[in-house]
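A structural walkthrough
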Amino acid sequence: MRRYRSDNSEVSCCVKYVVFAFNAIFWLVGIGAMGIGLWAWSEKEVFRNLSALTHITVDPAFIFICVGFTVFIMGFAGCVGALRENTYLLVFYATFLGILLFAEVGIGVLFFVYKDWVKEQVALGLEKYIMVYRDDPDTQNLIDWVQEYLLYCCGILTPDDWDKNQYFNCTSISKGSREACGVPFSCCKPKEDWVRVQV
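Residues numbered from 1 in each chain as written. Predicted model: local features only at pLDDT ≥ 70, side-chain atom pairs only at ≥ 80, totals over all residues. Heavy atoms only, no water.

1. Things to note about the overall build of the protein
On a plain count of helices and strands, the protein comes out with five helices and zero strands. Counting from the amino terminus, helix and strand elements in the protein follow one another as α-α-α-α-α. Sorting the 199 residues of the protein into buried and exposed places 24% on the buried side. On the protein, roughly 14700 Å² of surface is accessible, and the fraction owed to carbon and sulfur atoms is 66%. (Helix = DSSP H or I, 4+ residues; strand = E, 2+ residues; numbered from the N terminus. Buried < 20%, exposed > 50% of the residue type's maximum accessible area, 1.4 Å probe, protein only. Areas by Shrake-Rupley, 256 points an atom, 1.4 Å probe, with all protein chains shown as cover.)

What follows is the structure, given as structure tokens:
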């Protein structure tokens, strides 16, 4: 004997397609972010030389890949779950969104409660970025952008933080480094009538 499912769903067609449309956008954003991360890795030839992944936790391309993959999975679950009214995908989607919400609130509260520890950890992370500044072009571009356009600063606290980098350290003079006892160009504040020249 064959049973037919009666169509007595309470879901509005409009709500269904709005949820589908939003998740389709997130799905495409996730694909784009993963694509950018994988493209950056291919440009750095990481796939040919896996030893280049020594600083993977501070690699911006890796962060793009991880965030893109997470957004892709969430967008897929929400998109297909809404379109097909698949209960399992919608439960996965809702559960994951709930976990993300509680994790964000929990992390925000912990950041507020342990703000001194968070400042120390951020300073240590930025110190790692400074130490590998010339080793990775993505890290170099990220630090330059943060110093020049976002925070308008030089180093973590002072320009002396650049002494931790092997190329900007004053002991690099003996090695013939032209950047010894200096800072990156993004630390300098050009005047309006200056012209930047690449040497």
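2. Considerations on the packing of helix H1 (residues 13-43) against helix H2 (residues 60-84)
Contact geometry for H1 and H2: axes closest at 7 Å, N-to-C directions at 155°. Relative to H2, H1 is oriented roughly antiparallel. Considering the relative orientation of H1 and H2, their crossing is left-handed. Tallied by class, residues from the contact of H1 with H2 come to 25 nonpolar, six polar and one charged. (Axes fitted to C-alpha atoms, helices over the stretch in contact; angles between N-to-C directions. Parallel < 35°, antiparallel > 145°, perpendicular 65-115°, else oblique. Left-handed = near helix turned anticlockwise from the far one by under 90°. Nonpolar A, V, L, I, M, F, W, Y, C, P; charged D, E, K, R; others polar.)

3. Brief notes about the environment of Gly155
Relative to the helices and strands, Gly155 resides in the segment after helix H5 (137-150). For the pair formed by Gly155 and Glu127, sequence separation is 28 residues and the distance between their alpha carbons is 8.7 Å. If near-sequence neighbours (up to four positions away) are discounted, Gly155 is found in contact with Ile130, Gln147, Asp161, Trp162 and Cys187. (Contact = heavy atoms within 4.5 Å.)

4. Examining a nonpolar patch on the surface
There is a patch of nonpolar side chains on the surface, built from Leu101, Val105, Ile107, Val109, Leu110, Phe111, Phe112, Val113, Tyr114 and Trp117 and spanning about 1100 Å² of accessible area. Looking at the nonpolar patch, the element that brings in the most residues is helix H3 (residues 87-113), giving eight residues. Looking at the element boundaries, Leu110 is found in helix H3. (Patch = residues over 30% accessible without salt bridge, like charges linked within 9 Å, V, L, I, M, F, W, Y side chains within 5 Å. Salt bridge = Lys/Arg side-chain N within 4 Å of Asp/Glu carboxyl O.)

5. A few points about unusual backbone geometry
In this structure, Glu85 is a non-glycine residue whose phi angle is positive, near 55°. On the secondary structure map, Glu85 appears in the loop between H2 and H3.

6. A closer look at H5
If you check H5, its first and last C-alpha atoms are 19 Å apart, about what 14 residues at 1.5 Å a residue would give, namely 20 Å. Along H5, the residues classified as buried are Thr139, Gln140, Ile143, Asp144, Gln147 and Glu148. The buried side chains of H5 occupy one side of the element, clustering within an arc of 145° when seen end-on. Tucked into the core, H5 has its buried residues touching H2 and helix H4 (115-131). Tyr152 sits one or two residues past H5 and shows a positive phi near 50°. (Expected span 1.5 Å × (residues − 1). Arc of directions from axis to C-beta.)

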